[in-house]
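Chain by chain, the residues run as shown.
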Amino acid sequence: MTSVDETRSGEAGTSPAGDPTPPGGDVGTYPAAGPAVYPGYPVPPYQAPEPDRLTRIVNRIQARAPRWLAPVAALGCMAGAVGYTLFADPTRSAPDAAPSCILKLTTGLDCPGCGGTRAFWYVLHGDLPAAARHHLLFVFALPFLLYLYVAWAGRQIFGWKLPQLEITPKTIGIFLAAWGVFSVLRNLPWAPFDAFYV
């Protein structure tokens, strides 16, 4: 007659002597119930899925690329944005000139990004009050974005150890909420909000 403990140990895949032996006697194999059935046995390590071909190519390029390549590529993108803004001069273009804001054309309302290119143009020409009037939050965020780039690029290229800005999900949420409130307020037809309508 078997005791309750022996029955339970047998159900759990353990011999009456206490040796954890999986059903069938094969050590290291587990039934469909999973590794938790056999406490004391090492859990097989999680195997990550094989990356696809594009991911393997990107990982290979990233492993072989010099550390300065990413900051220089980002700098090239920023230089392209500066060149386009200076060449296009958005302050002299018509409201319906391409590229234009679909929301502005169809509803007459400023979208969250309306005025950003013109604000950038005014920043490049040193006119911060005009830039802030066209897009206040862009002008507010620009110094932080520039510092983030300088700190990252300096660390990547020269090994600088500038203090890193900690951008938490809470910070991003607050900024997006402020951006949403600004986008609503700038469309109100009353002073002082109408000063930000572009």
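Overview of the structure.

## Things to note about the side chain of S183
Right, so step 1: Structurally, the position occupied by S183 is in helix 8 (residues 169-185).
Right, so step 2: Here W179 takes part through its backbone oxygen, which lies 2.8 Å from a polar atom of the side chain of S183.
Right, so step 3: In this structure S183 touches D110 and P112, once residues within four positions along its chain are discounted.

## Concerning the nonpolar core
Right, so step 1: Ranked by size, the top nonpolar core spans 6 residues in total: A119, W121, Y122, A130, A131 and V139.
Right, so step 2: Going through the elements one at a time, helix 5 (116-124) and helix 6 (128-134) are the ones with two or more residues in this core.
Right, so step 3: When residues of this core are assigned to their parent elements, the largest contribution, 3 residues, is made by helix 5.
Right, so step 4: Once residues lying within four places of it in the same chain are set aside, the contact partners of A131 are A119, Y122, V123 and V139.

## Quick notes on the packing of helix 3 (residues 69-88) against helix 7 (residues 136-158)
Right, so step 1: The N-to-C vectors of helix 3 and helix 7 enclose an angle of 145°; their axes lie 9 Å apart at closest approach. Contacts between helix 3 and helix 7 pair A70, P71, A74, L75 and M78 from the former with Y149, W152, A153, Q156 and I157 from the latter.
Right, so step 2: Here the residues of the contact of helix 3 with helix 7 sort into 9 nonpolar, 1 polar and no charged.

## Concerning a positive patch on the surface
Right, so step 1: Together, R53, R56, R60 and R64 make up a positively charged patch on the protein surface.
Right, so step 2: Turning to its location among the elements, R64 is positioned in helix 2 (residues 53-64).

## Section: helix 7
Right, so step 1: Taking 1.5 Å of rise per residue, the 23 residues of helix 7 would be expected to cover 33 Å, and the 33 Å separating its terminal C-alpha atoms lies within 8% of that figure.
Right, so step 2: Along its length, helix 7 reaches its greatest deviation from straightness, about 30°, at L142, and the proline P143 lies no more than four positions downstream.
Right, so step 3: Tucked into the core, helix 7 has its buried residues touching helix 3, helix 5, helix 6 and helix 8.
Right, so step 4: Of the residues trailing helix 7, G159 is marked for its positive phi of about 75°.

## Quick word on the packing of aromatic side chains
Right, so step 1: Taken as a whole and judged by the stated rule, the model has 7 aromatic pairs.
Right, so step 2: Aromatic pair W121 and Y122: ring centres 5.3 Å apart, planes at 90°, arrangement edge-to-face.
Right, so step 3: Overall, Y122 belongs to the buried group, its relative accessible area being 18%.
Right, so step 4: Sitting over the ring of Y197, K104 keeps its end group 3.9 Å from the ring centre.

## Details of the pattern of salt bridges
Right, so step 1: By the definition in use, this model includes 3 salt bridges.
Right, so step 2: R92 serves as the salt-bridge partner of D89, at 3.1 Å between the closest nitrogen and oxygen.
Right, so step 3: Overall, the relative accessible area of 73% leaves R92 in the exposed class.
Right, so step 4: Across the pair D110 and R186 runs a salt bridge whose closest N-O atoms are separated by 3.8 Å. With a gap of 76 residues between them, D110 in the loop between helix 4 (102-107) and helix 5 and R186 in the segment after helix 8 connect regions that are remote in the sequence.
Right, so step 5: Taking relative accessible area as the criterion, D110 reaches 3% and is therefore assigned buried.
Right, so step 6: Judged by its relative accessible area of 1%, R186 is buried.
Right, so step 7: The structure contains a network of salt bridges with shared partners spanning K104, D110 and R186.

Reading guide: rules and limits
- Residues numbered from 1 in each chain as written.
- Predicted model: local features only at pLDDT ≥ 70, side-chain atom pairs only at ≥ 80, totals over all residues.
- Heavy atoms only, no water.
- Helix = DSSP H or I, 4+ residues; strand = E, 2+ residues; numbered from the N terminus.
- Polar contact = N/O pair within 3.5 Å; in protein donor to acceptor, adjacent residues only side chain to side chain.
- Contact = heavy atoms within 4.5 Å.
- Core = buried A, V, L, I, M, F, W, Y, C linked by side-chain atoms within 4.5 Å.
- Buried < 20%, exposed > 50% of the residue type's maximum accessible area, 1.4 Å probe, protein only.
- Axes fitted to C-alpha atoms, helices over the stretch in contact; angles between N-to-C directions.
- Nonpolar A, V, L, I, M, F, W, Y, C, P; charged D, E, K, R; others polar.
- Patch = residues over 30% accessible without salt bridge, like charges linked within 9 Å, V, L, I, M, F, W, Y side chains within 5 Å.
- Areas by Shrake-Rupley, 256 points an atom, 1.4 Å probe, with all protein chains shown as cover.
- Salt bridge = Lys/Arg side-chain N within 4 Å of Asp/Glu carboxyl O.
- Lys, Arg positive; Asp, Glu negative; His and termini not counted.
- Charge placed at Lys NZ, Arg CZ, Asp CG, Glu CD.
- Expected span 1.5 Å × (residues − 1).
- Bend = angle between axes of the 7 residues up to and from the residue.
- Phe/Tyr/Trp six-rings, centres within 6.5 Å; stacked < 30°, edge-to-face > 60°.
- Lys NZ or Arg CZ within 6 Å of the ring centre and 35° of its normal.

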